[in-house]
Amino acid sequence: MQTSATSKKIATFALYADVIIEGGLDTPLEYGITEELAKELQEGMRVLVPVRGSKRKGIALHIKKTPTYKKVLPIAEVLEKDWIAKDLLKLMQWMHSYYAAPYRKLFKLFTPSSIRSSVGDKLITMISLTKTKKETLELAQKFAAKHPSQSKILEALLKSDKPLSQTELLDVTKVSKAPIASLHKKNLITIDKRKVDRSILYESPHFQTKPKTLNDEQKVAYDKILESLHKNEHKTHLIHGVTGSGKTEIYMQAIAKVREEGGAALMLVPEIALTTQMIERFKARFNEPIAIYHHKLSDGEKIDMWKKLKSGEMQIMLGARSAVFCPIKNLKLIIVDEEHESSYKQQEETPCYHAKDVAIMRAYLTKATVALGTATPSIESYYKAKAGKYTLTNLEKRASSANLPKVHVINMLSEKEQSQRGCMLSNKLLTAIKKRVEIGEQVMLFLNRRGFNSFLLCADCAEPIQCPHCDVSLTYHKKQNHLKCHYCSYILSPPPRECPSCRKPTLEYKGIGTEQVESILNRVFPGIRTLRMDADTTSKKGSHEKLYKQFKSGKADVLIGTQMIAKGFHFPSVTLVGVLNADAGLNIPNFRAEENLFQLLAQVSGRAGRGPLDGEVFIQSYMVEHDLFTYLKTEDYRGFYEKEIKVRKLFVYPPYTHLARLVIKGPDPKKAKYLAELYHKGLVQGLGSDYLIMPVIEEGIFKIKDKYHFTLHLKGPSMREVSSVILKIQEKYPIRAPYVLLIDIDA
């Protein structure tokens, strides 16, 4: 349809659409929708549009009746109708306005590159016999003299009750592909290409576990969740239960109810390592495959799993934080296990979303129920529960007959005076380890620092060996005999023998890491069996699962690990937990430092005595009088909360306000600071007196990966208003590579 506008004819359209271009601009572009396309085009569909003389793929974000611009080009065609579901599209729009996130960044979360790449199906070559077994046997005997390779292939197929893949066949027979081709030409074998399912699915075993009888406390929590499900209303439940109180059993029974009624369920866990344990429990309970999603999956695995979720074939899902964006159909229940965990917060790149908050918003959009579970709720969550925004249920006792572990806080100052071994492991802890291992029980040791030594220091000029690309010291790894940066992965091998600054051979290794703890234990207790779980030992795919199964099956006496061992593991034979260097978390300049340390130590303490055997926890500290340890001894979360909430109120920190942090980083510190000052000025002008905007300062670690970091903090009543102002500043002063803007809302 054509109309006249001034002296030129400008095309008008039945409708108009804002389209997000894949890998394109931060903001959507406007296009026209012809009358023919208007009959089928809906928001969330994948389309093909003209951009600067070429055709690009994108998503129809918003369809409207009137255009913003006078002249627009038409959408070329609809590519895929079922691309992003409407609830996920609304979630994307909410994240854009709340986290000030560019649509091109959000696009990567909701449709990862592996999904957009259109990687084809994985095909495998399968080979089967065309003749009867009797005929094939005669031919194999006939070929034995002149065509031995062909005879071997026929014999291998005769021995198998089913067709063999070409890879299996070549492996068994040790022949080349040529005889296979010859047999195919003679019509003695059939070659088929079959699709391989790459999705990580775990079929239920033959023997299934039955639901356990819930105790009175568990039943109250379960009934509250069921009430929300049956009313088909959005509600968030906070299950505050001591470690070992049976929260997972409540989750599984709630999921079973959802599945009975035809709905789908998603469970988020904070660590990939925990999925292994949870998978075992889920596959033994549910008579259907379980979908798994996390960043370590291959592109093919992600694609196949994605397709099954979109089709509704998969209805129970376990995953880390990014699983909250998966296209699960008819989602009725979202569970966020260990809801307090900082790993649910994306901090490395925009959007700096919190998976818990995104899960609650997704549930709100679909009228689904949310269950948050933890022994140590975040201060904000517990505050909301006490204010009635969340439904609170308390589980005060462990689900089985198990008792809470006895907590001992060891004064390392007095140990240092008595010990000759550098006081890394106290005499009390070593004695306890020996006792537990001798009677066949297991031990977990927690130290939140990997490597052998923390740094290599010059004793003369007191200068550590630093990373040339980051403002951090290099960590020594003894096994590889190199120094490594844990920020950019720079490696210095072998370590220098003299100080680069003063050129003197006065270098000394300082600090302790998990690798050294393992070495000390093996020296003190010859023959002790140890396993180490940290970023160094779990870098390979499947390593989490391997280590978990080894320790669970009793193939090691002691598991030494960093933060990843503190989160939700259930090992019935672990009766002793040791925490080394517990004070490190108190020295961090962050208002959440005490909260984070209390949660971490309470969680790692909760790994002890989860079975029929009583447990003990030894926490080594140089600050034994600190009141945090008093609350830990009795697992008194409420006492800790009451003390902490008063401090938050006094200094006007969350939950009494909201915080945001902007970081601008780049190769030139002068330009990076100039850009940060521009944003500071824009925020001061755009926000009212209700907001406190701090000056631009250098980040704690000023240089990382050859980029200099400048930051500014602000606090105020509404992050949506802050994000609105930031988006306007971005339009005026866009940050372009190699400079990067990181926007951390609810920092």
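In this report, we go over the structure that sits alongside the text. In this text, all values refer to a predicted model and were calculated from it rather than measured experimentally.

As for the pattern of salt bridges
Okay, step 1: Taken as a whole and judged by the stated rule, the model has 36 salt bridges.
Okay, step 2: Here E80 and R46 are joined by a salt bridge, their closest N and O atoms 2.9 Å apart. Taken together, the residues span a long stretch of sequence, with E80 in strand β7 (residues 77-80) and R46 in strand β5 (residues 46-51) at a distance of 34 residues.
Okay, step 3: Members of the salt-bridge network, linked through shared partners, are E594, E595, K643, E644 and R648.

Things to note about the pairing of strand β20 (residues 442-446)
Okay, step 1: Taken across its five residues, β20 has five buried, putting it largely inside the fold.
Okay, step 2: Bridge analysis of β20 against strand β28 (residues 574-579) gives five bridges, and the strand direction is parallel. Residue V443 lies in a different strand from β28, and its bridge partner there is L576.
Okay, step 3: Where β20 lies against strand β27 (residues 558-561), four bridges are found, and the strand directions are parallel. Along β27, the bridge assignment pairs L445 with I560.

Comments concerning the pairing of strand β12 (residues 235-241)
Taken residue by residue, a regular strand's side chains alternate between the two faces of the sheet.
Okay, step 1: Within β12, six of the seven residues are buried, which leaves the element mostly enclosed by the surrounding structure.
Okay, step 2: Bridge analysis of β12 against strand β17 (residues 369-374) gives six bridges, and the strand direction is parallel. Considered in β17, the bridge of H240 is made with T374.
Okay, step 3: Strand direction decides the pairing type here: β12 and strand β18 (residues 391-395), joined by five bridges, are parallel. Across the sheet, residue G241 finds its bridge partner in β18, namely L395.

Here's the deal with the layout of surface pockets
Okay, step 1: Looking at the second largest pocket, its volume works out to about 1200 Å³.
Okay, step 2: Forming the boundary of the second largest pocket are 42 residues, of which L25, D26, T27, P102 and R104 lie nearest the centre.
Okay, step 3: Broken down by secondary-structure element, the contributors of at least two residues to the lining of the second largest pocket are β4 (29-33), β6 (54-64), α2 (86-99), α3 (103-110), α23 (719-732) and β34 (740-745).
Okay, step 4: In terms of residues, the lining of the second largest pocket owes the most to one element, α23, which gives five residues.
Okay, step 5: Considered class by class, the residues forming the lining of the second largest pocket number 20 nonpolar, nine polar and 13 charged.

Considerations on the nonpolar core
Okay, step 1: Formed by 123 residues in total, the largest nonpolar core has its most connected members in M95, M317 and L683.
Okay, step 2: Here this core gets eight residues from one element, more than from any other, and that element is α2.
Okay, step 3: Each residue touching M317, except ones within four places of it in the same chain, is listed here: A265, L266, M267, A291, Y293, M305, L309, A323, C326 and I328.
Okay, step 4: Grouped together as the second largest cluster of nonpolar side chains are 28 residues, L214, L226, V269 and I316 included.

Observations regarding the packing of α2 against α3
Okay, step 1: Contact geometry for α2 and α3: axes closest at 10 Å, N-to-C directions at 140°. Between α2 and α3, the angle is such that the two are oblique. Every pair of crossing elements has a handedness; the one defined by α2 and α3 is right-handed. Facing L88, L91, M92, Q93, M95 and H96 of α2, the residues of α3 in contact are Y103, L106, F107, L109 and F110.
Okay, step 2: By residue class, the composition of the contact of α2 with α3 is nine nonpolar, two polar and no charged.

The rules we used
Residues numbered from 1 in each chain as written. Predicted model: local features only at pLDDT ≥ 70, side-chain atom pairs only at ≥ 80, totals over all residues. Heavy atoms only, no water. Salt bridge = Lys/Arg side-chain N within 4 Å of Asp/Glu carboxyl O. Helix = DSSP H or I, 4+ residues; strand = E, 2+ residues; numbered from the N terminus. Buried < 20%, exposed > 50% of the residue type's maximum accessible area, 1.4 Å probe, protein only. Pairing = 2+ DSSP bridges. 1 Å grid on protein atoms, 1.4 Å probe; cavity = no way out; pocket = protein on both sides within 12 Å on 5 of 7 lines; lining within 4 Å. Points joined across faces, edges and corners; volume = space filled by probe spheres on them. Nonpolar A, V, L, I, M, F, W, Y, C, P; charged D, E, K, R; others polar. Core = buried A, V, L, I, M, F, W, Y, C linked by side-chain atoms within 4.5 Å. Contact = heavy atoms within 4.5 Å. Axes fitted to C-alpha atoms, helices over the stretch in contact; angles between N-to-C directions. Parallel < 35°, antiparallel > 145°, perpendicular 65-115°, else oblique. Left-handed = near helix turned anticlockwise from the far one by under 90°.

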